Amino acid sequence: MRTTELVEGFRHSASYVNAHRGKTFVVMLGGEALAQSQFRSIINDIALLHSLGIKMVLVHGARPQIDEALAERAITPEYYNGVRITEEEAFKVIKQVVGGLQLDITARLSMSLSNTPMQGAQINVVSGNFVIAQPLGVDDGVDYCLSGKVRRIDVQGLKAQLDNKGIVLLGPIAASVTGESFNLTAEEVATQIAVKLKADKMIGFSSQKGILDSTGEVLAELMPNEAQSILNHIDGEVGVCVGTKAFLKASIDACRNGVSRCHFVSYLDDGSLLQELFSRDGIGTQIVTESAERLRRASIGDIGGILDLIRPLEEKGILVRRSREQLEMEIEQFMLIERDGLVIGCAAFYPFEEDSAGEFACLVVHPEYRDADRGSLLLKNIIGQARVRGYTRLFALTTRSIHWFLEHGFEIVEVDELPDKKKQLYNYQRKSKILALGL
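Residues numbered from 1 in each chain as written. Predicted model: local features only at pLDDT ≥ 70, side-chain atom pairs only at ≥ 80, totals over all residues. Heavy atoms only, no water.

Identification of the chain as Amino-acid acetyltransferase from Shewanella nanhaiensis is taken from an unreviewed UniProt entry. Annotation of the chain in UniProt includes, under Sequence similarities (unreviewed entry), the sentence "Belongs to the acetyltransferase family. ArgA subfamily." What UniProt records for the chain under Catalytic activity (unreviewed entry) is the sentence "L-glutamate + acetyl-CoA = N-acetyl-L-glutamate + CoA + H(+)". (UniProt positions renumbered as here; feature names shortened; annotations may be inferred.)

Okay, structure coming up:
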């Protein structure tokens, strides 16, 4: 990476460093992720997040390790409705596997060797009885034995450890009020903790970069209902990782119960966790309760963002230059699309009441966000505003985007078709094409 790329990347991450500091993240480390050589890098990245003031609860799974250990002892796992039936003999093995993994993760988080990313980290890793379990019981005459579910979360205890700058590490085994232990799913533990803590994010890992569409492309953002549709589709598919399905379901549950964002990233891609959290577009899939992008009316505080967006086109002569003072007077005419605090698109709507017409102007979309038809979204919104006012026409002036307007139903007209006030301001030297849309 060139020095300028490093500096620019660091600068762009600053807003996210500030946004994430003091926030609570629940990180779900599935057994599949723990088995990868890349896991050392994930631990290093978790240590970095901790150093930036992010409060973290780590919940680890052990599904593949448990299956392997049971197979070595010739114990055949039993399931009912997709849930493991945990008998006493199997549970002895499960406790050994889970306990060993928890110690291994603690050891890795305790590293502080010189010349490593963990140098000087000094992380306090805390484990304990923050989750109280209860048995699943009997279903359709099938006894789940020592398989359980979450009964209660010690929220105050967790908050005390997080406020004391510790990382809380928990596994899929929890004690009950009767002094027994039960085998839970790590996904349920992570979800319940995220919900009860009102965590800002829940994060999970997969062998894929995220949730993929039919062409193999990563779906950057999903609402819970969209994610549920995908889960229904892949639920019976062979070859889809059990952990992927389980975390997708957990993310849907978490979002529907108040966790605003759940992230899904790859445990195979080095630095995927950091790229997801500290870049505007991320690298994986977010399941969100509210889109990262918002279409809204501009306010006086958006002037700097709008200027940053339109200045390059003004300098090329594509847009007529607007001063800051002019923008301040016209700011209520602007609609914008905002993504994580960055203005990535804008357009203005100037009314000509006496002619029952409006002007669609200053349409700009950030160069990195021109592949999702955001210009059409802005146009649709302004057409709606014009119709509400009872206008019969919408017109636009352009020197470069003639075909875009034609594709959206506009027709080229002459200067005489402009409202009288706009006609008087028409710049014959620019020779802008005039396009009109009947409403």
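Text resumes after the structure shown.
A. View of the packing of aromatic side chains. All chains considered together, the criterion is met by 8 aromatic pairs. Seen in terms of ring centroids, F247 and F264 are 5.2 Å apart; in terms of plane orientation they differ by 10°. Their pairing is stacked. Here the residue F247 occupies a position in helix α9 (residues 242–256), and F264 occupies one in strand β15 (residues 261–266), the gap between them amounting to 17 residues. In terms of burial, F247 and F264 fall into one category: buried. A ring pair is formed by Y426 and Y428, whose centres lie 4.8 Å apart and whose planes are at 85°; its orientation type is edge-to-face. A relative accessible area of 56% places Y428 in the exposed class. By way of ring pairs, the aromatic residues F360, W404, F405 and F410 are connected into one cluster. (Phe/Tyr/Trp six-rings, centres within 6.5 Å; stacked < 30°, edge-to-face > 60°. Helix = DSSP H or I, 4+ residues; strand = E, 2+ residues; numbered from the N terminus. Buried < 20%, exposed > 50% of the residue type's maximum accessible area, 1.4 Å probe, protein only.)

B. Just the environment of K423, in detail. Note that K423 resides in helix α15 (residues 420–425). Judged by relative accessible area, K423 falls into the partly exposed class, the value being 26%. With residues up to four places along the chain from it excluded, the contact list for K423 reads V415, D416 and L418. (Contact = heavy atoms within 4.5 Å.)

C. Representation of helix α11 (residues 303–315) within the structure. The end-to-end C-alpha separation of α11 is 17 Å, in line with the 18 Å expected for 13 residues at 1.5 Å each. At L309, α11 is deflected by roughly 35°, the largest bend along its length, and proline P312 occurs up to four residues later in sequence. Residues of α11 that are buried: I303, I306, L307, L309, I310, L313 and E314. Close packing links the buried residues of α11 with α12 (324–330), β18 (334–339), β19 (342–352) and β20 (357–365). G317 sits one or two residues past α11 and shows a positive phi near 80°. (Expected span 1.5 Å × (residues − 1). Bend = angle between axes of the 7 residues up to and from the residue.)

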